[in-house]
Amino acid sequence: MTNWWTSLAWEKQAFWSLAIVSSILLGILFLSSLLDEEAEEPETAAQKGFSHWMDSRFVLVFFTALGWAGLVVFHNTNSLDRSVVWASVFGLVIAVLVRWLDISGRRLRSKPMPKIGDVLSTGEVLQPIPPHRNGFGKVQINDRRSHYTIDAITAGREIPRGTSVRVVDVIDDHVILVESLEPQYPGQRK
């Protein structure tokens, strides 16, 4: 292993180091964002501008793409100047593309819940809803334009996953009150 590393030109060693280290750091950042989804701050007007774009994700994506692209270009051309220029352009394009996808996805996640008149009155339970307003479940409601996944409570019995429900009321911007469309009688089997 050390023979392979020492036999590489210093340019390849630099690109390999940059690619591997930034890939590992980007992987750690990705895993931490999956585990702590609420840590992502919503976009505000104060965050707009150049400094908003230059966060750790943007920088790590840029250097990861730069490292791997620089390695490929240098391997094919043996020119450090060309490798740095092409890898920088590629890294910038990839980082901007990832940022654009992130902002677009964040806008989709933060779309407001439709008004009760706009909501088709039925949906399906995705996560069981505890009985008598003792906790939250998740319901997918079909809007005319898209699907919404909303926290839901019920005033009656527990509603299991997969059950069709009807919207009774909107509690606040993030919670609705639902009831089962299928009446459940004692001793009834599903």
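Structure: above.
Before going into details, it helps to say that this report is about the structure given with it.

Here we come to the nonpolar core. Residues Val 125, Ile 129, Val 139, Ile 141, Tyr 148, Ile 150, Ala 152, Ile 159, Val 165, Val 167, Ile 176 and Val 178 constitute the largest nonpolar core, which totals 12 residues. Within the residue set of this core, elements represented by two or more residues are β2 (137–143), β3 (147–154), β4 (164–172) and β5 (175–180). Element by element, the count of residues in this core is highest for β3, at 3 residues. The next biggest cluster of nonpolar side chains, apart from the first, holds 7 residues, and it includes Phe 58, Val 61, Phe 62 and Ala 95.

Now for the packing of aromatic side chains. Taken as a whole and assessed by the stated rule, the structure comprises 5 aromatic pairs. Centre to centre, the rings of Trp 4 and Trp 16 are 5.6 Å apart; their planes meet at 75 degrees, and the pair counts as edge-to-face. Taken together, the positions of Trp 4 in helix α1 (residues 2–7) and Trp 16 in helix α2 (residues 10–35) put the pair 12 residues apart, joining distant regions of the chain. Trp 16 sits in the partly exposed class, given a relative accessible area of 22%. For the ring pair Phe 15 and Phe 74, a centre distance of 6.5 Å and an interplane angle of 45 degrees mean the geometry is tilted. Here Phe 74 lies in helix α4 (residues 56–77) and Phe 15 lies in helix α2, a separation of 59 residues in the sequence. Judged by its relative accessible area of 7%, Phe 15 is buried. Taken together through their ring pairs, the aromatic side chains of Trp 4, Trp 5, Trp 16 and Trp 68 make up a single cluster.

Nonpolar side chains collect at one region of the surface, where Ile 20, Val 21, Ile 24, Leu 25, Ile 28 and Trp 68 lie side by side and expose about 540 Å² of accessible area between them. Top element by residues in the nonpolar patch is α2. It accounts for 5 residues. Of note, Val 21 is situated in helix α2.

Reading the values: the criteria
- Residues numbered from 1 in each chain as written.
- Predicted model: local features only at pLDDT ≥ 70, side-chain atom pairs only at ≥ 80, totals over all residues.
- Heavy atoms only, no water.
- Core = buried A, V, L, I, M, F, W, Y, C linked by side-chain atoms within 4.5 Å.
- Buried < 20%, exposed > 50% of the residue type's maximum accessible area, 1.4 Å probe, protein only.
- Helix = DSSP H or I, 4+ residues; strand = E, 2+ residues; numbered from the N terminus.
- Phe/Tyr/Trp six-rings, centres within 6.5 Å; stacked < 30°, edge-to-face > 60°.
- Patch = residues over 30% accessible without salt bridge, like charges linked within 9 Å, V, L, I, M, F, W, Y side chains within 5 Å.
- Areas by Shrake-Rupley, 256 points an atom, 1.4 Å probe, with all protein chains shown as cover.
- Salt bridge = Lys/Arg side-chain N within 4 Å of Asp/Glu carboxyl O.

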